[in-house]
Amino acid sequence: MNIFGLFSGLLAVSVGFNVFLLYRNSKRRKRIKYLSNQLQKFRDLSTKFRDIVVQREELFYKNIHDVSLSFLDGVKSSYLITFDGETGKVVSYTGSNLKSSKLNHVKKTDLPYSAERIYVVEKEKVSHLFDPSLDTTNNKSKVLISDIHIGGELKAKLIVERDKPFISEEIETLKSLSGFFTSFIATHNYLSNQGKFQKDMILTMIRILEYHDPYTKGHSKNVANLASMLAEKLGLNDEMIKKTYWAALVHDIGKIVVPSSILNKEGKLTIEEFEVIKKHPVYGHDFLSTSSDLRELAKYVLYHHERWDGNGYPSGLAGEEIPVISRIISVVDAWDAMTSDRPYRKGLSFEKAKSELLEHSGMQFDPNIVKRFIEIVDQESSKIDPVK
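This report concerns the structure included in the present document.

With that settled, the discussion passes to the pairing of strand 5 (residues 142-150). Here strand 5 lies mainly inside the structure; eight of its nine residues are buried. In this structure, strand 4 (residues 118-122) lies alongside strand 5, joined through five bridges in antiparallel fashion. The partner of valine 121 across the bridge, within strand 5, is valine 143. Linking strand 5 to strand 6 (residues 153-162), which pair antiparallel, is a turn of two residues; within it glycine 151 sits at a positive phi near 60°.

Structural data, given as structure tokens:
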């Protein structure tokens, strides 16, 4: 071999080796980038923990599902199924070939299971969840399943379909993610159970109030429903909307200790009787403040008769000094009171009640809240059916 041939051979080997190094380094860089992106997603997820677990059940599971799928590329369709005993329901789904008739009743025994907790199966093993008439792939494609256990019991399944294979890094990521979701779901279930007890307790208090003051029957629920709609219209977050609902539901609870002879009086109240009525926000605040879970609601109840111009009670707060939830309740409470029958008068028409709100906007009521509430009334008038 001449020197030129030897040099050419060495050059070829060198170039080939450098191409190999570049290829290997490229793969390494891609892997580092992939792991870095996944790590950032985990960091973002940990900061969302508190916000997610306090959401309404429907929104909670949708967010859990969306977060799961964000760790995977090219997802074609997916189910998130939760179980109560041996049967479950689909709480979130995405995709175009899902079988809607299977959304509300899913048996554990109809689905694959593995001790691995994260595993890949042939799509034909879950074909009953998909509509073949809408399917663009055959049943030989793969489906990834992630099982979520709480206290040793299967509580949820994530089922994901896509065209390309699932790689080991993705499976390992979902294994780590399942630990997060076990904590998420366990915490959400605990808070939901606590909330159920709180809800039952509050509804019992409302029933006692309605027995004491028959003319308020339905008033608290009407105010709560409309107030939560108004809170959403104003752009408050999900947690504040829930607080608005509960505070509105108990806003009159202090009337339990106001004599029924005053509450149900058909004639005009005396100055002394009106002073007694004016104490009900304070009484309600005192009742609710005995529970640490209800203490924040107590504040909103205390201030729901404050006025935008500062001439309300019990503290004479003005403008934005008044908590926004209290300002919302003030408007909706007045609306429902005006449009409902009372011992001393018939309820006003919608148009007359709207006129009253607008007349007192900027004095008794926050003008922006009145404006937004009028929009709801105009949009939802066919659905709102006050007692006439």
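With that settled, consider the sheet that holds strand 5. Within the open sheet, the six strands sit side by side as 3-2-1-6-5-4. Their pairing is antiparallel. The open sheet is flanked by strand 3 (106-107) and strand 4, the only strands paired with a single partner. Bridge analysis of strand 2 (residues 87-94) against strand 3 gives two bridges, and the strand direction is antiparallel. When the bridges of strand 3 are listed, glycine 88 appears paired with valine 106.

Right, let's talk about helix 11 (residues 350-359) for a bit. Three or more residues of helix 11 are buried, namely Phe350, Ala353, Lys354 and Leu357. Along the axis of helix 11, the buried positions cluster into a sector of 100°, meaning they face one direction only.

The subject of this paragraph is helix 9 (residues 295-302). Among the residues of helix 9, those classed as buried are Leu297, Ala298, Tyr300, Val301 and Leu302. Residues of helix 9 that are buried sit in contact with helix 5 (238-249), helix 8 (280-289) and helix 10 (324-339).

By convention here, two paired aromatic rings are described through the distance between centres and the angle between planes. This structure, assessed with the given rule, holds three aromatic pairs. Residues tryptophan 335 and phenylalanine 350 carry aromatic rings whose centres are separated by 5.2 Å and whose planes lie at 65° to one another, so their mutual orientation is edge-to-face. Residue tryptophan 335 is found in helix 10, and its partner phenylalanine 350 is found in helix 11; the two are separated by 15 residues along the sequence. For the pair tryptophan 335 and phenylalanine 350, a shared accessibility class is recorded, and that class is buried. A centroid spacing of 5.5 Å and a plane angle of 75° characterise the contact between tryptophan 335 and phenylalanine 373, whose relative ring orientation is edge-to-face. Separated by 38 residues along the polypeptide, tryptophan 335 in helix 10 and phenylalanine 373 in helix 12 (residues 367-380) bring together distant segments of the chain. In this pair, the class of tryptophan 335 matches that of phenylalanine 373, namely buried. Grouping aromatic residues by their ring pairs yields a cluster made of Trp335, Phe350 and Phe373.

Conventions adopted
- Residues numbered from 1 in each chain as written.
- Predicted model: local features only at pLDDT ≥ 70, side-chain atom pairs only at ≥ 80, totals over all residues.
- Heavy atoms only, no water.
- Buried < 20%, exposed > 50% of the residue type's maximum accessible area, 1.4 Å probe, protein only.
- Helix = DSSP H or I, 4+ residues; strand = E, 2+ residues; numbered from the N terminus.
- Pairing = 2+ DSSP bridges.
- Arc of directions from axis to C-beta.
- Contact = heavy atoms within 4.5 Å.
- Phe/Tyr/Trp six-rings, centres within 6.5 Å; stacked < 30°, edge-to-face > 60°.

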